[in-house]
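If you want the building blocks of each chain, they are given just below.
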Amino acid sequence: MSVTREGGWYPLMLSADLETGTVAGSAVPGRDLAVWRDGQGRAHVWEDRCPHRGMRLSLGFVREGALACLYHGWRFGAEGRCVHIPAHPDLAPPGTIRTVPLPVAERHGLVWASVGAAGAQPEGDPAMEAAAWLPVRSVRIEAPWRDVARAVGMPEGRRAAVLDRDVDGRVLAALLPVGAGACMLHLLAAAPAGVERLHDLADWGRDVRSRAEERAGRACLAGIVA
């Protein structure tokens, strides 16, 4: 299963941005997600909906190795099963009360999730494996992900690729579509990379966003005028 093409694994966020005992919201096309890291450092990706009353789990908190819903405090263990109901502390919750976990993996400094079947681990450009990757930044861009992919020089159809941007070293760029007209661009630098190099790549990411959003705005205006 490939991380680089349609239907494979999606790069949700930089691993460095998901600290132990925290939860964050993310999305893949058509599905909102809760991403959290337990006390052992393992990342988990679930549908962003509590099975009790539908509250977003990404608004919750991690307690005693479980993800707790903000609404009524129901806790769900690492496998997705409800393990505690505060209103009935002596009750063993039925095994049928479960969240919907997605296959998850951490590779190349990123947290990945798959909307397909569990099993295969994400794999991609062999150059990804040949380097240690340092996080630079993630940028939300209000433009279609394919347009951003072309703007950064990514091969056609890819959502992640190693780019030889300049003589200072390689860049891993990974794109997460979050809607018809928006995406997240994650940037990582091949180690070693000094502070100046990381700042330069962060500036480049902001420049990509400005140019892509400007083009998207012109295209939208042209469509309205037409």
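For the structure given in this document, a descriptive report is provided here. (Residues numbered from 1 in each chain as written. Predicted model: local features only at pLDDT ≥ 70, side-chain atom pairs only at ≥ 80, totals over all residues. Heavy atoms only, no water.)

Once that is clear, we can look at the pattern of salt bridges. Tallying each qualifying case throughout the model produces eleven salt bridges. One salt bridge in this structure joins Arg75 and Glu64, with 3.0 Å as the shortest N-O distance. One end of the pair, Arg75, is in strand S7 (residues 75-76); the other, Glu64, is in the loop between strand S5 (61-63) and strand S6 (66-68), and eleven residues separate them in sequence. Looking at Arg75, the relative accessible area reads 14%, which means it is buried. The closest approach of N and O atoms between Arg218 and Glu214, which form a salt bridge, is 3.2 Å. In this pair, Arg218 and Glu214 are both assigned in helix H3 (residues 195-225), four residues apart and thus about one turn of the helix distant. A single salt-bridge network, built from bridges that share partners, covers Asp32, Asp48 and Arg56. (Salt bridge = Lys/Arg side-chain N within 4 Å of Asp/Glu carboxyl O. Helix = DSSP H or I, 4+ residues; strand = E, 2+ residues; numbered from the N terminus. Buried < 20%, exposed > 50% of the residue type's maximum accessible area, 1.4 Å probe, protein only.)

Sheet analysis places strand S13 (residues 169-179) next to strand S14 (residues 182-190), joined by eight bridges and oriented antiparallel. Across the sheet, the residue bridging to Leu172 is Leu188, located in S14. Linking S13 back to S14 in an antiparallel pair, the connection comprises two residues. (Pairing = 2+ DSSP bridges.)

Turning our eyes to something else, we now look at the sheet that holds strand S10 (residues 110-114). Here three strands make up an open sheet; going across it, the order is S1-S10-S9 and the pairing antiparallel. Looking at which strands have only one partner, the edges of the open sheet turn out to be strand S1 (9-14) and strand S9 (104-107). If you compare each strand with its neighbour and ignore which way they point, the axes differ by 30° on average. Across five bridges, the pairing between S1 and S10 is antiparallel. (Axes fitted to C-alpha atoms, helices over the stretch in contact; angles between N-to-C directions.)

The next thing to look at is the packing of aromatic side chains. Summed over the entire model, instances satisfying the criterion amount to one aromatic pair. On the basis of an interplanar angle of 75° and a centroid distance of 5.3 Å, the ring pair of Trp36 and Trp46 is categorised as edge-to-face. Residue Trp36 is found in strand S3 (residues 31-37), and its partner Trp46 is found in strand S4 (residues 43-47); the two are separated by ten residues along the sequence. For the pair shown, Trp36 and Trp46 are each scored as buried. Stacked on the ring of Tyr10, the Lys or Arg Arg159 has its end atom at 4.1 Å from the ring centre. (Phe/Tyr/Trp six-rings, centres within 6.5 Å; stacked < 30°, edge-to-face > 60°. Lys NZ or Arg CZ within 6 Å of the ring centre and 35° of its normal.)

Structurally, Arg63 is set in strand S5. As a C-alpha pair, Arg63 and Thr22 span 41 residues in sequence and 9.5 Å in three-dimensional space.

This part is about the nonpolar core. Ranked by internal contacts, the top residues of the largest apolar core, which has 24 residues, are Ile141, Val148, Leu175, Leu185 and Trp204. Elements that contribute at least two residues to this core include exactly strand S11 (133-141), helix H2 (145-152), strand S12 (160-166), S13, S14 and H3. In contact with Ile141, other than residues within four places in its own chain, are Val148, Gly181, Ala182, Cys183, Leu185, Val208, Arg209, Ala212 and Glu213. (Core = buried A, V, L, I, M, F, W, Y, C linked by side-chain atoms within 4.5 Å. Contact = heavy atoms within 4.5 Å.)

Before going further, it helps to spend a moment on the side chain of His44. Mapped onto the elements of the fold, His44 is located in strand S4. Polar contacts involving the side chain of His44 include one to the side chain of Asp38, which spans 2.8 Å. There is a polar contact of 3.5 Å between the side chain of His44 and the backbone oxygen of Ala78. With near-sequence residues (within four places) excluded, His44 lies in contact with Ala34, Val35, Trp36, Asp38, Ala78 and Val104. (Polar contact = N/O pair within 3.5 Å; in protein donor to acceptor, adjacent residues only side chain to side chain.)

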